[in-house]
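Examination of the molecular architecture
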Amino acid sequence: MPDTTYLDANELVINMGPQHPATHGVLRVKLKLDGEKVLGSEAIIGYLHRGVEKIAENRSYAQFAPYVDRMDYVAAVTNGMGYVEAVEKLLGVEVPPRAQYTRMILAELQRIASHLLWLGTHALDLGAMTPVFYTFREREEILKIMENYCGARLTTHAFRIGGLQYDLYDGFEKEVLKFCDYVGPKMDEYETLLTTNRIWLRRTKGVGVLSGEDAIALGVTGPVLRGSGVRWDIRKVQPYEAYDKVDFIVPIGEHGDTYDRYLVRMQEMRQSVRIIRQGVDRLASGPIMGKVGKIIKPPAAEVYHSIEAPKGELGYFVVSDGSTHPYRVRVRPPSFVNLQALDPMIRGHLVADVVAVIGTLDIVLGEVDR
Amino acid sequence: MVDQPKVPPSGGSGETPARPAPAEGSTAAPSPKAGAAPGKPVAPKPALAPEPWSSPLLDELQKGFPGALSNATVFRNLPSITLAKEALLGVCEFLKSEEGGGYTLLTDETAVDYPKREKRFEIIYHLYSFARNDRLRLKVLVGEDEKVPSVVGLWPTANWLEREIYDMFGVQYEGHPDLKRILLPDGWTGHPLRKDYDILKQDVAWVQANLGIKSGQ
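Residues numbered from 1 in each chain as written. Chains lettered and ligands numbered in written order. Predicted model: local features only at pLDDT ≥ 70, side-chain atom pairs only at ≥ 80, totals over all residues. Heavy atoms only, no water.

With respect to the pattern of salt bridges
Residue and element names in this part refer to chain A. The line we're drawing: Salt bridges are identified by distance alone: a Lys or Arg side-chain nitrogen within 4 Å of an Asp or Glu carboxyl oxygen. Going along the chain from the N terminus, every DSSP run of H or I of four or more residues is numbered as a helix, and every run of E of two or more is numbered as a strand. Residue exposure (1.4 Å probe, protein chains only): buried if accessible area is under 20% of the type maximum, exposed if over 50%, otherwise partly exposed.
Using the criterion set out here, one finds 43 salt bridges over all chains in the structure. The residue Lys32 makes a salt bridge to Glu11 at a minimum N-O spacing of 3.6 Å. Here the residue Lys32 occupies a position in strand E2 (residues 28–34), and Glu11 occupies one in strand E1 (residues 11–16), the gap between them amounting to 21 residues. For Lys32, a relative accessible area of 7% corresponds to the buried category. Through salt bridges with shared partners, one network takes in Glu108, Arg111, Arg226, Asp233, Arg235, Glu268 and Glu308.

Some points on a negative patch on the surface
Quick note on the threshold: A residue counts toward a patch only above 30% relative accessible area and without a salt bridge, and it is joined to like-charged neighbours within 9 Å or, for Val, Leu, Ile, Met, Phe, Trp and Tyr, to nonpolar neighbours within 5 Å. Surface accessibility follows the Shrake-Rupley procedure with a 1.4 Å probe radius. Residue values consider only the protein chains on display as shielding. Working convention for charge: Lys and Arg count positive, Asp and Glu count negative, and His plus the chain ends are omitted. The atom standing in for a charge is NZ when the residue is Lys, CZ when it is Arg, CG when it is Asp and CD when it is Glu.
Taken together, the side chains of Asp59(B), Glu60(B), Glu98(B) and Glu99(B) define an acidic patch exposed on the protein surface. For Glu98(B), the position within the fold is in the loop between helix H2 (88–96) and strand E4 (105–113).

Here we look at the confidence of the model for chain B
Note the following rule: Residue-level confidence of the predictor is summarised by pLDDT, bounded by 0 at the bottom and 100 at the top. Any two residues whose heavy atoms approach within 4.5 Å are treated as being in contact.
Per-residue confidence for chain B gives a mean pLDDT of 79, with 80% of residues at or over 70. Counting interchain partners and residues more than four positions distant, the pLDDT-below-50 stretch residues 1–39 of chain B has 58 contacts.

Quick notes on the packing of aromatic side chains
For clarity, the cut-off: Aromatic pairing here means that ring centres of Phe, Tyr or Trp (its six-membered ring) are within 6.5 Å. Orientation follows from the plane angle: under 30 degrees is stacked, over 60 is edge-to-face, and everything else is tilted.
Using the criterion set out here, one finds 18 aromatic pairs over all chains in the structure. The interplanar angle of 40° and the centroid separation of 6.5 Å between the aromatic rings of Trp118(A) and Tyr262(A) together place this pair among those described as tilted. Pair noted here: Trp118(A) is in helix H4 (residues 97–125) and Tyr262(A) is in helix H11 (residues 258–282), with a separation of 144 residues, a long-range link. Summarising the burial analysis for this pair, Trp118(A) and Tyr262(A) share the class buried. Ring plane angle 55° and centroid distance 5.6 Å describe the contact between Trp188(B) and Trp206(B), whose orientation is recorded as tilted. Of this pair, Trp188(B) sits in the loop between strand E8 (172–174) and helix H4 (204–211) while Trp206(B) sits in helix H4, and the two are 18 residues apart along the sequence. With respect to burial, Trp188(B) and Trp206(B) carry one shared label: buried.

Section: the sheet that holds strand E3 (residues 37–44) of chain A
Residues and elements named next belong to chain A. Operational definition: Only strands joined by at least two bridges in the DSSP assignment are considered to pair. To obtain an axis, a line is fitted to C-alpha atoms, over the contacting stretch when the element is a helix, and the angle between two such axes runs from 0 to 180 degrees between their N-to-C directions.
Taken together, three strands build an open sheet; the order of strands is E1-E2-E3 and the sheet is antiparallel. Of all strands in the sheet, those bounded by a partner on one side alone are E1 and E3. With direction set aside, neighbouring strand axes in the sheet form an average angle of 20°. By the bridge criterion, seven bridges tie E2 to E3 in an arrangement that is antiparallel.

A closer look at the sheet that holds strand E6 (residues 134–142) of chain B
Residue and element names in this part refer to chain B. The mixed open sheet is built from six strands, whose spatial order is E1-E2-E3-E6-E5-E4. The strands lining the two open edges of the sheet, one partner per strand, are strand E1 (51–52) and E4. Pairing of E4 with strand E5 (residues 121–129) involves eight bridges; the strand directions are antiparallel. Within the sheet, the bridge partner assigned to Ala111 lies in E5 and is Ile123. Strand contacts of helix H1 (residues 56–64): strand E2 (69–75), strand E3 (78–83) and E6, with the helix running at about 170° to E2, the strand carrying the most contacts. Where H2 meets the sheet, it contacts E3, E5 and E6, and its direction lies at approximately 170° from that of E6.

Considerations on the nonpolar core
Let me state the cut-off plainly: Only buried residues count toward a nonpolar core, which is a set of Ala, Val, Leu, Ile, Met, Phe, Trp, Tyr and Cys residues joined through side-chain atoms within 4.5 Å.
Among the nonpolar cores identified, the biggest contains 167 residues, and Tyr83(A), Leu109(A), Tyr316(A), Ile123(B) and Tyr125(B) are the most heavily contacted of them. The dominant element in this core, judged by the number of residues it contributes, is H4(A), at 13 residues. Counting residues in hydrophobic clusters, the runner-up holds eight residues, among them Tyr304(A), Phe317(A), Val112(B) and Ile124(B).

A word on the side chain of Lys311(A)
Quick reminder of the rule: Each polar contact in these results corresponds to two N or O atoms within 3.5 Å; when the atoms are within protein, one needs to be able to donate a hydrogen and the other to accept it, and residues that are neighboring in sequence are counted only if both atoms are side-chain atoms.
Tracing the sequence through the fold places Lys311(A) in the loop between strand E6 (302–309) and strand E7 (312–319). Polar contacts involving the side chain of Lys311(A) include one to the side chain of Asp72(A), which spans 3.2 Å.

What about the packing of H4(A) against H11(A)?
Residues and elements named next belong to chain A. Selection criterion: Roughly parallel refers to an angle under 35 degrees, roughly antiparallel to one over 145, roughly perpendicular to one between 65 and 115, and oblique to any angle outside these ranges. The crossing is said to be left-handed when, going from far helix to near helix, the turn is anticlockwise and less than a right angle, and right-handed when the turn is clockwise.
Packing of H4 against H11 leaves a shortest axis separation of 9 Å and a crossing angle of 155°. The angle between the axes of H4 and H11 places the two elements in the roughly antiparallel class. As for the relative orientation of H4 and H11, their crossing is left-handed in sense.

Considerations on empty space enclosed by the protein
Residue and element names in this part refer to chain A. How we decide: Each cavity reported here is a set of points on a 1 Å grid over the protein atoms alone in which a 1.4 Å probe fits but cannot get out, each pocket an open set with protein on both sides within 12 Å along at least five of seven lines, and each lining residue one with an atom within 4 Å of a point. Grid points are joined across faces, edges and corners, and a volume is the space filled by probe spheres set on the points. Residues are grouped as follows: Ala, Val, Leu, Ile, Met, Phe, Trp, Tyr, Cys and Pro are nonpolar; Asp, Glu, Lys and Arg are charged; every other residue, Gly included, is polar.
Tallied over the full model, the rule gives four cavities of 30 Å³ or more. Here the second largest cavity defines a volume of roughly 60 Å³. Lining the second largest cavity, in full, are Ala65, Asp69, Ala76, Val77, Gly80, Met81, Val84, Thr156, His157, Ala158 and Phe159. Residue contributions to the lining of the second largest cavity peak at five residues, all from helix H3 (residues 76–91). When grouped by side-chain class, the residues that make up the lining of the second largest cavity number seven nonpolar, three polar and one charged.

With respect to the interface of chain B and chain A
Defined as follows: Two parts placed together each lose some accessible area under a 1.4 Å probe, and the buried area is that loss summed for both.
Contacts between chain B and chain A engage 63 residues on the former and 55 residues on the latter. When residues of chain B are sorted by the area they lose upon contact with chain A, Arg135(B), Trp160(B) and Leu183(B) head the list and together hold 13% of the total. One can count eight salt bridges joining chain B with chain A. For Glu164(B), the salt bridge is made with Arg370(A), and the minimal N-O distance between the two is 2.9 Å. In this assembly, chain B and chain A are joined by 27 residue pairs in polar contact (both at pLDDT 80 or more). At eight residues, the largest contribution of residues to the side of chain B that touches chain A is made by E4(B). A breakdown of the residues in the side of chain B that touches chain A according to their chemical character gives 33 nonpolar, 13 polar and 17 charged.

Here you go:
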């Protein structure tokens, strides 16, 4: 943020948020403007801070698992997956294949749900009213599958340390494949609404450009990094669960602008459908729980485990002192780190583009503030 | 593989392949990869404690920064090196460069509080190298009144991460462009992730003055 003590006659400092529909939660952005042009900005966060990492130190390993769902509450499945995998890594537990494939299928469904929510709200922010109704309609189908599987729609707590609590219900495979058949043509529909829409192009092309080097320097991960042309996806480079056994490609952008990030996420949803189909195809019967004691008491050690969450690299750094409660759990939230790129991305743009860039970063304030 | 008397597994008993039963009942230091049952080929047992780490990169670091590295271990394929505070920036710069492995992405920076130690904070850096597809953990031990050299100059992403550490632990940084609280309000007193900060504790004066309520609990 440039100095706001002395302003030129035509300079102005305004607050965008914390209550603002386009900030996707309680984000406050202090903008220094020259007319409509952004000279600098400062993101002020913490309105949703609940002290998740402190709570972790006062819960046992299993008790803390539901809390992680409340960070990125539109992608609870992947949040939970990262945590249980980190603890499994600490314990040295191997998860049976059926549980691995189930996790992968549900995580990819969650990725589609998260991207659908992003697409709808991002388009709504930029003035395209229609997509949000369509994307929420399709997202609803995913939430129904989640509800049928574990009884919850959003904060699912779908996985347990060591595997799964529930086996898949009868007809799960059929329902998921039906959804895959259903959602493909719907994605074509969204693309007819947006991909070549002239207003959409004018609002997104060349807006919020982030080069690959800058993205790496700022620690940005996930679709934002890939939109800047860096082909890096943890599912590929350091595979977990069964991602090394399925076939998919990692789409990347070229220019690092808002439009490219849009295309990357659209492609990612199609790749997720591919992964889900392969996962369902290879889902074999077998146990769903690995060998985990009733009391989870890991050795005194530290692990860092990260997964490719819909928003980027979600990492858990778990420190154990050999007792039943974690000594420290650090969450490396993708939204928090990605939001740091907001200021360099909006400098020199118009106020309306701030909305576009906040949307394209795809942040969830529950995860930024934890 | 719990470090205590065996308890029955909670599901799928006997079906999981490639894992010997976690039958050790002692709490003595484990001997990794030694306890596999004879006969059938089984996957090595996961280690129960960090093991010493050796690699060409470590040798190079030891040559370039003699005396600065104190403890190099590896656990679950992630090496961890403890550094002297003075050598931090030099080591980071080297690791970021091409000859040092190209660790260009600072994935995470965080801290852990051990109030009983002489130097109570461990500052932890997780680095990633795109060239090697490899992660590396660096640790720096600092006391309560010591300042940590900021790595913002090397990795701009450290800006918010270090602000969060300052906010949550009260660790001071040297060379940080804008060290102030990030998640908690500016006027708050106390650093909640310190171990001596109770989970129910809060800055009551701040809550009363700013929220108009008696207590946040």
